[in-house]
Amino acid sequence: MNILLWHVHGSWTTSFVHGKHRYLVPATPDRGPYGLGRARTYTWPESATEVSPEQLRDAEVDVVILQRPEELDLATEWLGRRPGRDLPAIYVEHNTPKDGDVPHSRHPMADRDDLLVAHVTAFNELFWDTGATRTTVVDHGIVPPAVEYTGELDRLAVVINEPVRRWRVTGTDLLPRFAEIAPLDVFGMKVAGLADYLGLPADRLMSHDDVPQHRMHAELARRRAYLHLCRWTSLGLSLIEAMSIGMPVVALATTEAAMAVPPDAGALSTRVDTLLAAADRFVAQPQQARRAGLAARAAARERYGLDRFLADWDRLLEEEVCG
């Protein structure tokens, strides 16, 4: 199939474009949010092709994958065809609702009969009110990281995008408490200067801003354990990637993380003191950390494998496009 989708969520899109189809990815001269084009810090296959808005007018498109509400009108403008009416459309919902009205949050695509909402977690489907719109869940899948856990450094790794702006959502306010246990390495977008912002010395928190995915994986694998302190996000793919590498996980038992992280893969709790104790234990006992990491890797590879993810999407695309 020829699939139109925007480059929005780098890790998810990386997995999605590893399928057997042709992926049309809009690219604009400014490489802005609606024309980012192919990834620069992820490895994508050649089947993911950049197209300009002008080229889309005459492009053969079998289905449109929407990920933001405004893409519906943008696709209509660029294609000259209305997704959901003139060609099939699937709206992928990546996020938990953040409108302040949980658990009554109305989805922007609620009460429509012209598209399907595909949630990336069952938690998201549960908490979004989509009314009469059809929904389904396609659990995440990841391209397996090409590194194995060593845990040689008695440091804790964290992956957060925009930790200052998102603050309590991503648990950024909790980082200083863990920095007392062991030095932190924070990877992600817009993490530069985080130590100064938190009032931490540079030897307790080091930022690694927008590192290419393969290099980030190699660095994560050297750290003793992975911290996942998100209060209210969807299931971060970096968490699954860390588990797949073989890292033990210290995670808040919130949203879908409560389903993704089995008890023997590390520590999962809503009590921060419990997580602090677990982090301290993993730093002090490398062999215990390694055992938990092996359980994390087995769980991630069983549930979040790329083949399963792509097969689920192929079935869904076949149903929506071919009926």
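Throughout what follows, the structure given in this document is the object of discussion. (Residues numbered from 1 in each chain as written. Predicted model: local features only at pLDDT ≥ 70, side-chain atom pairs only at ≥ 80, totals over all residues. Heavy atoms only, no water.)

1. So, the pairing of strand β1 (residues 2-5)
Residues in a regular strand project their side chains so that they alternate between the two faces of the sheet.
Logical step 1: On β1, burial covers both faces: Asn 2 and Leu 4 on one face and Ile 3 and Leu 5 on the other are all buried.
Logical step 2: Assessed by its sense of winding, the connection that carries the chain from β1 through helix α1 (residues 10-16) to strand β2 (residues 22-26) is right-handed. (Buried < 20%, exposed > 50% of the residue type's maximum accessible area, 1.4 Å probe, protein only. Helix = DSSP H or I, 4+ residues; strand = E, 2+ residues; numbered from the N terminus. Right-handed = clockwise from strand over helix to strand, strands pointing away.)

2. A look at the sheet that holds strand β8 (residues 153-159)
Logical step 1: Strand order in the open sheet formed by six strands is β10-β9-β8-β11-β12-β13, with parallel pairing between adjacent strands. Pairing within the sheet leaves two strands with one partner each, and these edge strands are β10 (205-209) and β13 (266-269). On average, each strand axis in the sheet is tilted by 20° relative to the strand beside it, whichever way the strands run.
Logical step 2: Bridge analysis of β8 against strand β9 (residues 184-188) gives four bridges, and the strand direction is parallel. For Val 159, the partnering residue across the bridge sits in β9 and is Phe 187. (Pairing = 2+ DSSP bridges. Axes fitted to C-alpha atoms, helices over the stretch in contact; angles between N-to-C directions.)

3. With respect to the packing of helix α9 (residues 237-245) against helix α12 (residues 286-303)
Logical step 1: The N-to-C vectors of α9 and α12 enclose an angle of 120°; their axes lie 6 Å apart at closest approach. Comparing their axes, α12 and α9 come out oblique. Crossing angle aside, the handedness with which α9 passes α12 is left-handed. Here Ile 240, Met 243, Ser 244 and Ile 245 of α9 lie close against α12, whose contacting residues are Gly 293, Ala 296, Arg 297, Ala 299, Ala 300 and Arg 301.
Logical step 2: Of the residues in the contact of α9 with α12, the class split is six nonpolar, two polar and two charged. (Parallel < 35°, antiparallel > 145°, perpendicular 65-115°, else oblique. Left-handed = near helix turned anticlockwise from the far one by under 90°. Contact = heavy atoms within 4.5 Å. Nonpolar A, V, L, I, M, F, W, Y, C, P; charged D, E, K, R; others polar.)

4. Comments concerning unusual backbone geometry
Logical step 1: Here the bond from Val 102 into Pro 103 is cis, since omega is 10°, no more than 30 degrees from zero.
Logical step 2: Within the secondary structure, Pro 103 is located in the loop between β5 (89-93) and β6 (116-119).
Logical step 3: Backbone geometry at Arg 31 places phi at a positive 50°, although glycine is not the residue there.
Logical step 4: In the Ramachandran plot, Asp 111 falls in the positive-phi region, its phi being about 60° despite a non-glycine side chain.

5. Description of the sheet that holds strand β4 (residues 63-66)
Logical step 1: Taken together, seven strands build an open sheet; the order of strands is β3-β2-β1-β4-β5-β6-β7 and the sheet is parallel. Lying at the two open borders of the sheet, with one neighbouring strand each, are β3 (48-51) and β7 (134-137). Taking the axes of each pair of neighbouring strands and ignoring which way they run, one obtains an average angle of 25° across the sheet.
Logical step 2: Relative to β5, β4 runs parallel, the two sharing three bridges. Each residue of the ladder has a partner; that of Leu 66, found in β5, is Tyr 91.
Logical step 3: Sheet contacts for helix α3 (residues 71-79): β1, β2 and β4; angle to β4, the most-contacted strand, approximately 145°.
Logical step 4: Together, β1, β4, β5, β6 and β7 form the strand contacts of helix α13 (residues 306-322), whose direction differs from that of β5 by roughly 145°.

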